Amino acid sequence: MLRQWRPSIIQKAIKDPRIQRRQVQFRENNSLLIPNLASAVLHRSSPWNCRLHHSNRSSLQFDATGHASRTHTTLSAKSEPTLSDAQRRTIYALSTPPGKAGIAVIRVSGPAALDVWRRMTRKKKSGDTPTPWMLQRRHVVDPETEEKLDDSLTVFFKGPKSFTTEDTLELHIHSGRAVLSAVLRALAKLPYCRPAVPGEFTRRAFEGGRLDLTQVEGLRDLIDAETEAQRRIAVSGAEGTTRARYVALRSQILECLVFVEGFIDFGEDVDDLGQEAMIREAHDRALNIINCIRSHLDDNRRGEILRSGIKLAIFGPPNAGKSTLFNFLARRDAAITSPIPGTTRDVLTLTLDIGGFPVVLSDTAGLRETLDTIEQVGVGRAGNAVKEADLSLCVLSLPDVLSSPDNTLVRVPDEVKSHLKPDTIFLLNKSDTITSLPPNQSFTFMEYGDNYSRRPQFWTASLRTSEGTQSFLDGLAQFLQSRYGDGFDYTSPLITHARHRDFLEQAVMHLEEFIAFSPSEVDIAAESLRYAARAIGSVSGLDVGVEEVLGGIFSSFCVGK
């Protein structure tokens, strides 16, 4: 037990570097502020604890706020408070997928990462300080019992040269369920450690300035990437290419603001002709920025679609082969197929990689008039799926849409016509049932409504015999490439998330407001430019400060003659 503390001993303890490191401070009334009893003077392992244990003078009592005052009560080690999450700044988590594997990585980050290395790793003839950024083979042990838990490779990253900009420790251990559980339990025994919440390591990297928001999103997209197109977009975001483009766009707005602020602050030193030239230059720059942003906004959401997946809906009349096509593309029996019309009642969805593009494929109910209440619900959902899809694929049974085997006119059923879009593509299935059909037969689509001003894209195949299916797959991949890939800058897409588009639209709105103001309202117009810069800065987490504007003015203008 601790009792009878002398103020001189407390003062001496506070000057100890081991105690100063734990941020023990004095208030103006000389009462002791100890944010963490277990990590300050009262820690069981503290040398000052042992020294104070034998003192026979007045002791200290801690109130609910963590402040110490002189009393004659006796403190017991059992009265140490539990640390809050805010006090436990050192976090840990499993950074690799759980399960049986050769290697698992447990990451520890925070001010006590070095102490974790000292208390949980052992090696004969080794010092108390790790060599930063170098893998070392060490035993992982329980911090209380010293029991060996595993043989591991450890690497210590000295902050700020780490991902989180903090001291970081990685334990490379064997990925077995018992090993992982034992090491994680051992970490939980350290009072200053706590499990990380989802994304906390990356959040600390953002707060430490290692990443901006676009890089954070790019890192997340890179982890979630399933296709080549998604990987290429995510890499450019994680590397900072997207960030650089937003920074450049924001800098252009700030340059425009420099002209306006210069006019406001120093306009009286310039003649009328010079004033008009400054305002005209600012307006011209704003118009160029608006045109640049609009060129990105008019990209048909290609960046967002490629990141989240192209929504492709399969639709058509019953028994045309929609579910068979769905299974063919999925390469498994994902949907029930039968010769009975109306088998599919709901929308089935799966994600595919077609030609390197992410495709979210949906199988829908056959479109027809029906008295079946459940099937009516399915038909309604099919119509909604086609309406919300980025691309729709209409599957037709070739014998059913041709008036005769020798006829090349395709008649789309009336129930399907209302769901056609200008970019709907067609698959004419069951070509094996028409023996007189020559290879690469061309067809003319009739009576499909007024939605088309050009000949639709179509393929002929037999899903039963696989005849023509490879040509269909190749043609579909080429169609996706021409629609979403051609002319698209994978290395530096500007818009890959919906929030990017929202902030860019806000920036355009504020820039247009700036241009609409008259020269006499230039002080109000300057606020619109600031709002536009803030909107762009919000994409990457930046903001506009006064010093930036002033720095731009004094570096661009010759002021102070």
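For clarity, every value in this text was computed on a predicted model and none was experimentally measured.

Cut-offs and rules
- Residues numbered from 1 in each chain as written.
- Predicted model: local features only at pLDDT ≥ 70, side-chain atom pairs only at ≥ 80, totals over all residues.
- Heavy atoms only, no water.
- Helix = DSSP H or I, 4+ residues; strand = E, 2+ residues; numbered from the N terminus.
- Buried < 20%, exposed > 50% of the residue type's maximum accessible area, 1.4 Å probe, protein only.
- Contact = heavy atoms within 4.5 Å.
- Areas by Shrake-Rupley, 256 points an atom, 1.4 Å probe, with all protein chains shown as cover.
- Phe/Tyr/Trp six-rings, centres within 6.5 Å; stacked < 30°, edge-to-face > 60°.
- Lys NZ or Arg CZ within 6 Å of the ring centre and 35° of its normal.
- Pairing = 2+ DSSP bridges.
- Axes fitted to C-alpha atoms, helices over the stretch in contact; angles between N-to-C directions.
- Left-handed = near helix turned anticlockwise from the far one by under 90°.
- Nonpolar A, V, L, I, M, F, W, Y, C, P; charged D, E, K, R; others polar.
- Salt bridge = Lys/Arg side-chain N within 4 Å of Asp/Glu carboxyl O.
- Parallel < 35°, antiparallel > 145°, perpendicular 65-115°, else oblique.

## Quick notes on the overall build of the protein
Line of reasoning, step 1. In terms of helices and strands, the protein carries 19 helices and 19 strands.
Line of reasoning, step 2. For the protein, the proportion of its 561 residues judged to be buried stands at 46%.
Line of reasoning, step 3. Contacts in the protein between residues far apart in sequence, at least 24 positions, make up 65% of those at least 6 positions apart.
Line of reasoning, step 4. Accessible surface computed for the protein: about 29300 Å², of which carbon and sulfur atoms make up 51%.

## What about the packing of aromatic side chains?
Line of reasoning, step 1. All chains considered together, the criterion is met by one aromatic pair.
Line of reasoning, step 2. Centroid distance Trp459 to Phe472: 5.5 Å. Interplanar angle 80°. Geometry classified as edge-to-face. Residue Trp459 is found in strand β19 (residues 458-460), and its partner Phe472 is found in helix α16 (residues 469-485); the two are separated by 13 residues along the sequence.
Line of reasoning, step 3. Over the aromatic face of Phe201 sits the side chain of Arg107, whose NZ or CZ is 5.4 Å from the ring centroid.

## Regarding the side chain of Arg501
Line of reasoning, step 1. Looking at the secondary structure, you find Arg501 in helix α17 (residues 498-516).
Line of reasoning, step 2. On the accessibility criterion, Arg501 (11% relative accessible area) is buried.
Line of reasoning, step 3. When sequence neighbours within four positions are dropped, the list of residues in contact with Arg501 reads Leu297, Asp299, Arg301, Glu304 and Ile495.

## Considerations on the sheet that holds strand β14 (residues 357-363)
Line of reasoning, step 1. Strand order in the open sheet made by the six strands is β13-β14-β12-β15-β17-β19, with mixed pairing throughout. On the outer flanks of this sheet lie β13 (348-354) and β19, each paired with one strand and no other. Across the sheet, the axes of successive neighbouring strands diverge by a mean angle of 25°, strand direction being ignored.
Line of reasoning, step 2. One ladder, built from five bridges, connects strand β12 (residues 310-315) with β14; its direction is parallel. Counted as the bridge partner of Ile310 is Val359 from β14.

## Details of the packing of helix α7 (residues 213-224) against helix α8 (residues 228-239)
Line of reasoning, step 1. The contact between α7 and α8 brings their axes to 7 Å, and the two run at 145°. In the packing of α7 onto α8, the handedness of the crossing is left-handed. Side by side, α7 and α8 meet where Thr214, Gln215, Gly218, Leu219, Asp221 and Leu222 of the first sit next to Arg231, Ala234, Val235, Gly237, Ala238 and Glu239 of the second.
Line of reasoning, step 2. For the contact of α7 with α8, the residue count by class is five nonpolar, four polar and three charged.

## Things to note about the pattern of salt bridges
Line of reasoning, step 1. Applying the stated criterion across every chain yields a total of 27 salt bridges.
Line of reasoning, step 2. Across the pair Lys189 and Asp142 runs a salt bridge, and its minimum N-O distance is 2.6 Å. In this pair, Lys189 sits in the loop between α5 (177-188) and β11 (193-195) while Asp142 sits in the loop between β8 (136-141) and β9 (148-157), placing the two residues 47 residues apart along the sequence.
Line of reasoning, step 3. A relative accessible area of 6% means that Asp142 is categorised as buried.
Line of reasoning, step 4. Glu281 is the salt-bridge partner of Arg285, the closest N and O atoms lying 2.9 Å from each other. One end of the pair, Arg285, and the other, Glu281, are both in helix α10 (residues 272-297), four residues apart, so they sit about a helical turn from each other.
Line of reasoning, step 5. We classify Arg285 as partly exposed; its relative accessible area is 26%.
Line of reasoning, step 6. Of the residues examined, Glu281 reaches a relative accessible area of 31% and is grouped as partly exposed.

## Considerations on the environment of Pro132
Line of reasoning, step 1. Residue placement: Pro132 occurs in the loop between β7 (121-122) and β8.
Line of reasoning, step 2. Remark: the alpha-carbon pair of Pro132 and Lys161, spanning 29 residues in sequence, is separated by 9.6 Å.
Line of reasoning, step 3. Contact partners of Pro132, with chain neighbours within four places excluded, come to Phe156 and Lys158.

## Some words on the packing of α17 against helix α18 (residues 522-540)
Line of reasoning, step 1. Where α17 meets α18, the closest approach of the two axes is 8 Å, and the angle between their N-to-C directions is 165°. As summarised for this structure, α17 and α18 are arranged roughly antiparallel, according to the angle between their axes. Crossing hand, α17 versus α18: left-handed. Here α17 contributes Arg499, His500, Phe503, Leu504, Gln506, Ala507, His510, Leu511, Glu513 and Phe514 to the contact with α18, which in turn contributes Ala525, Ser528, Leu529, Tyr531, Ala532, Ala535, Ile536, Ser538 and Val539.
Line of reasoning, step 2. In terms of residue class, the contact of α17 with α18 is built from twelve nonpolar, five polar and two charged.

## Focus: the environment of Trp117
Line of reasoning, step 1. On the secondary structure map, Trp117 appears in helix α4 (residues 113-120).
Line of reasoning, step 2. Sequence spacing of Trp117 and Arg138 is 21 residues, and the spatial spacing of their C-alpha atoms is 9.9 Å.
Line of reasoning, step 3. Ignoring anything within four residues of it in the chain, the contact list for Trp117 reads Gly127, Asp128, Thr129, Pro130, Gln136, Arg138, Thr154 and Leu169.

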